[in-house]
Amino acid sequence: MSDRPAPLEYNRLWPMRLWLAGVFFFLYSPLITLIAFSFNDSKRNIVWRGFTLDYYRKLFNNDELMLAFANSLTIALVTTILSLVLGALAAIMLWRFRFPLKGVIEGTLSLPIVVPEICMGVAMLLFFSRVVPWPHDLPWPLSLGAIIIAHVSFCFPFVAMVVRARLASFNKEQEEAARDLGASDWQAFRDVLVPHMKPALIAGALLSFTLSLDDFVITFFTSGPNTVTFPVKVYSMVRFSVTPEVNAASTMLIVLTVALMALMMLGQRKSNSS
Amino acid sequence: MDQLAQRTQDAAAHKPIISFRNIVKRFGSMTAVDNVSLDIMPGEFFALLGPSGCGKTTLLRMLAGFEVPTEGSVLIDGQDMGETPPNKRPVNMVFQSYAVFPHMNVADNVAYGLKIDGLPKDEIKARVQEALDLVQLGPLAARKPDQLSGGQRQRVALARALIKRPKVLLLDEPLSALDAKLREAMRFELSQLQQKVGITFIMVTHDQDEALAIASRIAVMHKGAIAQLGTPSDLYEFPASRFVADFIGSVNMFEGTLIKDGADEAVIACPDLAPYSVHLPHSAPGSAGASVWVAIRPEKLNLHKNASEPPAVPDCPPAHNVARGEIKEISYLGDSSIFHVQLSSGQLLRVSRPNRSRYEQEHFGWGDTVWVSWAGSSPVVLLS
Ligand SMILES: Nc1ncnc2c1ncn2[C@@H]1O[C@H](COP(=O)(O)OP(=O)(O)OP(=O)(O)O)[C@@H](O)[C@H]1O
Ligand SMILES: [Mg+2]
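Every chain's residues receive numbers from 1 upward, in the order its sequence appears when written. Here the convention is simple: chains get letters from A, ligands get numbers from 1, in the order in which they are written. Totals for whole chains, interfaces and linings use all residues, but because this is a predicted model, local features are given only for residues with pLDDT of at least 70 and pairs of side-chain atoms are given and counted only at 80 or more. Think of the side-chain values as coming from all heavy atoms in the structure, minus any hydrogens and water.

**Some thoughts on the packing of aromatic side chains**
Any pair of aromatic rings gets described here by the distance separating the centres and the angle formed by the planes.
Residues and elements named next belong to chain A.
Right, on to step 1. Ring pairs are drawn from Phe, Tyr and Trp, using the six-membered ring of Trp, whenever the two centres fall within 6.5 Å, and their geometry is named by plane angle: stacked under 30 degrees, edge-to-face over 60, tilted for the rest. One pass over the full model with this rule turns up 18 aromatic pairs over all chains.
Right, on to step 2. With a centroid separation of 5.8 Å and 75° between ring planes, the pair formed by W95 and F170 is classed as edge-to-face. Note that W95 is positioned in helix α3 (residues 63-96) and F170 in the loop between α8 (145-167) and α9 (172-180), a separation of 75 residues in sequence. Like F170, W95 is buried.
Right, on to step 3. Of the aromatic side chains, those joined through ring pairs into one cluster are F216, F220, F221 and Y235. Numbering goes from the N terminus for both helices and strands, where a helix is a DSSP run of H or I of at least four residues and a strand is a run of E of at least two. Residue burial is assigned from relative accessible area. The probe radius is 1.4 Å, only protein chains are included, and a residue is buried under 20% of its type maximum, exposed over 50%, and partly exposed in between.

**Description of the pattern of salt bridges**
Right, on to step 1. In the sections that follow, a salt bridge refers to a side-chain nitrogen of Lys or Arg positioned within 4 Å of a carboxyl oxygen of Asp or Glu. Summed over all chains, the structure comprises 22 salt bridges over all chains.
Right, on to step 2. Linking R61 of chain B and E176 of chain A is a salt bridge whose minimum nitrogen-to-oxygen distance equals 2.8 Å. Pair noted here: R61 of chain B is in helix α2 (residues 56-64) and E176 of chain A is in helix α9, and the two residues belong to different chains.
Right, on to step 3. A salt bridge links R187 of chain B to D207 of chain B, with the shortest nitrogen-to-oxygen separation between them at 3.9 Å. Here R187 of chain B, found in helix α6 (residues 180-197), pairs with D207 of chain B, found in the loop between β8 (200-205) and α7 (208-214); they are 20 residues apart in sequence, far enough to count as distant.
Right, on to step 4. By sharing partners, the salt bridges in this structure join E176 of chain A together with R61 and E67 of chain B into a single network.

**Quick notes on the site of ligand 1**
Residue and element names in this part refer to chain B.
Right, on to step 1. Near, as used in this document, describes a residue that has one of its heavy atoms within 4 Å of the molecule or strand being considered. As a matter of local geometry, ligand 1 sits amid F27, M30, A32, P51, S52, G53, C54, G55, K56, T57, T58 and E173.
Right, on to step 2. We call two N or O atoms a polar contact when they sit within 3.5 Å, provided that within protein one can donate a hydrogen and the other can accept it, with sequence-adjacent residues counted only if both atoms are side-chain atoms. Residue K56 places a side-chain N or O atom 2.7 Å away from an oxygen atom belonging to ligand 1.
Right, on to step 3. Between ligand 1 and E173 there is a distance of 3.5 Å, counted from an oxygen atom to a side-chain nitrogen or oxygen.
Right, on to step 4. A total of 630 Å² of accessible area belongs to ligand 1 in isolation, and the protein chains cover 59% of it.
Right, on to step 5. Secondary-structure elements contributing two or more residues to the shell around ligand 1 are β2 (30-40) and α2.
Right, on to step 6. For the shell around ligand 1, the element with the most residues is α2, which contributes three residues.
Right, on to step 7. Any residue that is not Ala, Val, Leu, Ile, Met, Phe, Trp, Tyr, Cys, Pro, Asp, Glu, Lys or Arg is counted as polar, Gly included; the first ten are nonpolar and the last four charged. For the shell around ligand 1, the class distribution of residues is five nonpolar, five polar and two charged. Accessible surface area values rest on a Shrake-Rupley calculation with a 1.4 Å probe, where residue burial reflects the displayed protein chains alone.

**Describing the confidence of the model for chain B**
Right, on to step 1. Across chain B, the average pLDDT comes to 88, with 96% of residues at 70 or higher.
Right, on to step 2. At the level of chain-chain contacts, confidence expressed as ipTM amounts to 0.80, with global pTM at 0.81. Per-residue confidence from the prediction method is given by pLDDT, with values spanning 0 to 100.

**Structural notes on α8 of chain A**
Right, on to step 1. In a regular helix each residue adds 1.5 Å, so 23 residues correspond to 33 Å; α8 of chain A covers 31 Å between its end C-alpha atoms and thus fits that length.
Right, on to step 2. What we call the bend at a residue is the angle made by axes fitted to the seven residues finishing there and the seven residues starting there. Remark: the principal bend of α8 of chain A, roughly 30°, maps to S153 of chain A, with a proline, P157 of chain A, within the next four residues. The span expected for a helix works out to 1.5 Å for each residue beyond the first.

This is how it looks when you write it as structure tokens:
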């Protein structure tokens, strides 16, 4: 038996393996370092002094950081729900109906995705200070309104795109079959179209959630003194010094995001197999 | 005559379950259905047959309520449907793609219509069981549609529509997604099913074999209008136009002139058959001098070995209903063979002969010169 690689077994050629190793190294070593040093028993970040969970303890006692974390989660949750509804409705409208200026609307829908984030941020800043001033002294969840609106504006196009792609594979006869069997328009939508869109809705929801949770640039321009989010807070901590506490905070964010991604993939697989 | 009297009586006895009255349907400037009027009686297995794009599906969808006629009205059981939405009509449809709901298992698919109607749980359960048994899907109730074969998915679609006990079941090309063997089996099952449930079936198809095999009555459609309406044998043996003769089965067609039209005899001269003519033992439509078409089915033609004299045809003057030509091609189909005979005028005749015995007593080979003959009652004379 010969042990020569088959024509398409690129992964068994040594240059390829070297390349792969390099890619993995540059991708993951910074992250691994970040996580490892969050357990470092040292005030400064340079030398390994031993294992400790002190910084996590400190993290949870840091009220400002915890508030920022709560803000971020609330914003992400509300953004996700609003983006799902808006994005799915936009996708359905573009898929089902023919109307004047449809192409224009379809094009402008993806504008928030392609416009540089910094421009979006500045635009939002101007919008919320000049055009529709959002009072910063509202009671807690309402004070987050400006950030939520800003987040929805760049999250819902992602939902719309994913849902639109999914709808392309919908067999319209299924909806007609439901109508034929006695379902009203709304019942047919609920029983046939929504189940078909489900994988796209799951993907869109997690996409919105993580995008909103991670966002720094746009949030930076729209947040006020009482509405700091987690990434913005971490940034302000880093400005003084990169302490293991910052590492710990970042690690938390990474873990949360990865867990959500895993959840999404599981959800996808389940709805694919059913 | 008896048959006709019987049918008139039947028509008087029941009201039509479906009436199309002067239906016109336009999409923009395109006329998809052009002034169709049609009555369908309860218990019929009715087929809408026609080439692609002739408006069959559109007609069916107007019945189901997915399209609204531009002009005219659709009556179901005597009631004008107007713009009644699909969910309020007493008809159900089996879609061409079957449109089985992929996220529900077989039983939930079948139960869907009853759940929407809000029937009690145990009644739904009993009726689902009954419907699944009817289409022999009982053991597969818990399966998801992607674990079913094409034929099984079709049964799910059938059970799902029949469980609503519609007055009329609509089927859009129900067999076109199946392979040839299964299609034959399902033809038989469909007509068995229809007899069992006693519901009027209306089927759309572009497959003439299918329509002939299962339908009790067929409307042949052409460019949005009904070209002919009748039983399968009416359409096959007495086509009303060249389109129908050609669309249903295969046919040999000659253009000719009616040169003699008596009460019990007619003669038609066809340039393609010259020097011989066509003789009919009955009168022909049109008057002497009219230009007509003569249509003869391939299985009604006989082949004879070459001889100097044309073969004698019973009850027919000599040198009529015969033609001489050369066999240009033989298609062996197993149960029969098709001989393509080229006449001296260049026209090709298709002659079909059943392969009754395994050893041919009379052998006809490529390039043989042969005589072709037919009985006087075989040709159909068409004016259009
Ligand atoms: N929604 C529509 N908009 C515009 N034109 C349509 C629409 N539906 C059907 N048509 C046109 O109407 C004509 C008849 O269509 P229909 O689907 O009834 O044909 P059909 O007889 O069912 O053909 P096939 O055997 O190919 O299914 C076609 O020319 C088709 O292009
Ligand atoms: Mg069709």
